[in-house]
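Topology and contacts: notes
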Amino acid sequence: MKTTSPKDLRIVLWIGAGRPRADYVSDVDLRRLENLGDVRIIETRGRKFTEEDVVRESRGVHAVISTWGSPTYKDDVLAACPDLRFFGRVGGSVRGYIGDSAWARGIAVVTAVDAQALGMAEQTLANMLAVLHRLPHHVLRQAGNEVLTHDDHNQGLPHAMLLERRVGLIGFGAIARPAARMLAVFRARVSAYDPFVSDAVLAEYGVTRAMSVEALCADADVVSVHAARIPETRGILSRTAIAKLRPGAAVINTAFGDLMDLTAIEERVADGSLYLAVDNLDLLGEENRDKVARIRRSPCCLITPATFPNTDGVALMGRQVVGELEHLVRGEPLVHAIRREALATRA
């Protein structure tokens, strides 16, 4: 970064989505930023920023750190900010938050998606364990003030272990990869369907390639959806694929609701032949409210509001972005930079 010294750096830190600054950037990490230069913190809650507002706040700035609810840096904004050299996203995808011209100008674009993915991978395993051990069945009855006893509620209820289960991953990106590492502890037999990932990458994680989603479903005890939300993946877990799932199989979705045929899922959940865990109720869509209401009454279903990013996870994401800015200032390679072409296949 071409500044007179690191202390000359001008940094804007946008704070949004109703979280305090310390959730995104801890006091320790804020001091790391202040060691690089002048830091201006802008709270976005309850405020709307026009492009002119963003330009005014960003003119002469070298580094921008964006969080949920932050304004976008479209090409017109970038053109008015010639000093900008770093755009860091404390969040998932940078898609929609920064214009394409950033890459042509050589602006370093980084994201904390890899840090976010660790928490989502944990949540994925938590959901797998919950449905295999039939926790939705017990939680539903406990919520009805029933006193659960072994004889009344375990007889005929087939609990399963994650140990040595056949697990199929639809998509093998930032979340599925650490999930595969975690599944190795359970000696799970993991396969993945992702045409954008090489055989070498799959082999690195001990994962076998499924040649189709249908083949993956036919072989799996548990299917977990991790595909990016792009036109090619809408409805990727189709009615045909869902029909291939054996009785008692489980579907985990921490990605997006429109990647699966919810009507076909509802039918299998209703007849008790399929278990479902969804992390983030909103991803099922407002248009599916009636289906969701019916599914939630099933003892085969676990649907939660978004449980991640949690406080620990967001702090980890902020730390990662601050670390990337330090790398840039020191002239070191960036670890979490996003290539423009990678956006076509990333969430």
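These remarks concern the structure in this document. Note that the coordinates shown come from a computational prediction; the quantities given were computed from them, not determined experimentally.

This part is about the overall build of the protein chain. When helices and strands are counted, the protein chain shows 15 helices and twelve strands. In terms of C-alpha radius of gyration, the protein chain reaches 22 Å, essentially the compact-globule figure of 20 Å for 347 residues. The principal-axis extents of the C-alpha atoms in the protein chain amount to approximately 70 × 45 × 35 Å. Within the span of the protein chain, comprising 347 residues, buried residues form 50% of the whole. In the protein chain, which carries 43 positive and 43 negative side-chain charges, the distance between the mean positions of the two groups comes to 1 Å.

On to the packing of helix α2 (residues 27-34) against helix α15 (residues 311-329), then. Relative orientation of the contacting elements α2 and α15 amounts to 15°, with a least axis distance of 10 Å. Classified by the angle their axes make, α2 and α15 are roughly parallel. Our pair here, α2 against α15, has a crossing hand that is left-handed. Between α2 and α15, the residues in contact are Asp29, Arg32 and Leu33 and Ala315, Arg319, Val322, Gly323, Leu325 and Glu326, respectively. The class makeup of the residues in the contact of α2 with α15 is four nonpolar, one polar and four charged.

Another point: the side chain of Arg89. The residue Arg89 is located in strand β4 (residues 86-89) in this model. Buried within the structure, Arg89 lacks any salt-bridge partner; its nearest side chain of opposite charge belongs to Asp114, at an N-O separation of 14 Å. Beyond its immediate chain neighbours, meaning those up to four positions away, Arg89 contacts Ser66, Thr67, Trp68, Val94, Tyr97, Val110, Thr111, Ala112 and Val321.

Structurally, the position occupied by Lys74 is in the loop between β3 (63-66) and α4 (75-79). Along the backbone, Lys74 and Ala102 are 28 residues apart, and their C-alpha atoms lie at a distance of 9.0 Å. For Lys74, the residues in contact, after removing those within four places along its chain, are Glu51 and Gly99.

Counted according to the given criterion, the structure contains four aromatic pairs. With centroids separated by 6.4 Å and ring planes inclined at 40°, the aromatic side chains of Tyr24 and Trp68 adopt a geometry described as tilted. In this pair, Tyr24 is assigned in helix α1 (residues 21-24) and Trp68 in the loop between β3 and α4, connecting sequence segments 44 residues apart. Classification of Tyr24 as buried rests on a relative accessible area of 0%. Their ring planes at 65° and their centres at 5.7 Å tell us that Tyr73 and Phe87 sit as a pair that is edge-to-face. Placement of Tyr73 in the loop between β3 and α4 and of Phe87 in strand β4 is noted, with a sequence separation of 14 residues between them. Pair check on accessibility: Tyr73 and Phe87 agree, each one buried. Cation over ring: Arg89 sits above Tyr97, and NZ or CZ is 3.5 Å from the ring centre. Taking the ring centre of Trp103 as reference, the NZ or CZ of Arg340 above it sits at 5.8 Å.

Okay, the sheet that holds β3 next. Strand order in the open sheet made by the five strands is β2-β1-β3-β4-β5, with parallel pairing throughout. Strand pairing shows two members of the sheet lacking a second neighbour, β2 (37-43) and β5 (108-111), which therefore form its edges. Between one strand axis and the next, the sheet turns by 15° as a mean value, whatever way the strands run. With three bridges joining them, strand β1 (residues 9-15) and β3 adopt parallel strand pairing. Its bridge partner lying in β3, Ile11 is registered against Ala63. Against the sheet, helix α3 (residues 51-58) engages β1 and β2, with an angle of about 140° to β1.

The subject of this paragraph is the sheet that holds strand β8 (residues 208-209). Spatially, seven strands are ordered β8-β7-β6-β9-β10-β11-β12 in an open sheet, and the strand pairing comes out parallel. The outermost strands of the open sheet, each flanked by one partner alone, are β8 and β12 (301-304). Two strands pair when backbone bridges link them, and strand β7 (residues 189-193) and β8 are joined in this way by two bridges, in the parallel orientation. In the sheet register, Ser191 faces β8, and the bridge partner there is Thr208. Of the strands in this sheet, β6 (166-170), β9 (222-225), β10 (249-253), β11 (274-279) and β12 are in contact with helix α6 (residues 113-132), which crosses β11 at around 150°. Sitting on the sheet, helix α13 (residues 262-270) touches β10, β11 and β12, and the angle it makes with β11 is about 125°.

The next subject is the pattern of salt bridges. All chains considered together, the criterion is met by 18 salt bridges. For the salt bridge of Asp100 with Arg340, the shortest nitrogen-to-oxygen distance reads 2.9 Å. A residue pair is termed long-range when its members are at least 10 positions apart, and Asp100 in the loop between β4 and α5 (101-104) and Arg340 in the segment after α15 qualify at 240 residues. If you follow the salt bridges from partner to partner, you end up with Asp29, Arg32, Arg319 and Glu326 in one network.

Leu262, Ala264, Ile265, Glu266, Arg268 and Val269 are the residues of α13 that are buried. In this fold, the buried residues of α13 make contact with α12 (239-243), β10, β11, α14 (289-296) and β12. Where α13 begins, the capping side chain belongs to Asp261, and its oxygen is found 3.1 Å from the backbone nitrogen of Thr263. Where α13 terminates, the next one or two residues include Gly272, which has phi positive at roughly 80°.

About the thresholds
Residues numbered from 1 in each chain as written. Predicted model: local features only at pLDDT ≥ 70, side-chain atom pairs only at ≥ 80, totals over all residues. Heavy atoms only, no water. Helix = DSSP H or I, 4+ residues; strand = E, 2+ residues; numbered from the N terminus. Rg over C-alpha atoms; globule rule 2.2 N^0.38 Å. Buried < 20%, exposed > 50% of the residue type's maximum accessible area, 1.4 Å probe, protein only. Lys, Arg positive; Asp, Glu negative; His and termini not counted. Charge placed at Lys NZ, Arg CZ, Asp CG, Glu CD. Axes fitted to C-alpha atoms, helices over the stretch in contact; angles between N-to-C directions. Parallel < 35°, antiparallel > 145°, perpendicular 65-115°, else oblique. Left-handed = near helix turned anticlockwise from the far one by under 90°. Contact = heavy atoms within 4.5 Å. Nonpolar A, V, L, I, M, F, W, Y, C, P; charged D, E, K, R; others polar. Salt bridge = Lys/Arg side-chain N within 4 Å of Asp/Glu carboxyl O. Phe/Tyr/Trp six-rings, centres within 6.5 Å; stacked < 30°, edge-to-face > 60°. Lys NZ or Arg CZ within 6 Å of the ring centre and 35° of its normal. Pairing = 2+ DSSP bridges. Polar contact = N/O pair within 3.5 Å; in protein donor to acceptor, adjacent residues only side chain to side chain.

So far we have only geometry, and geometry alone does not tell us how the molecule works.
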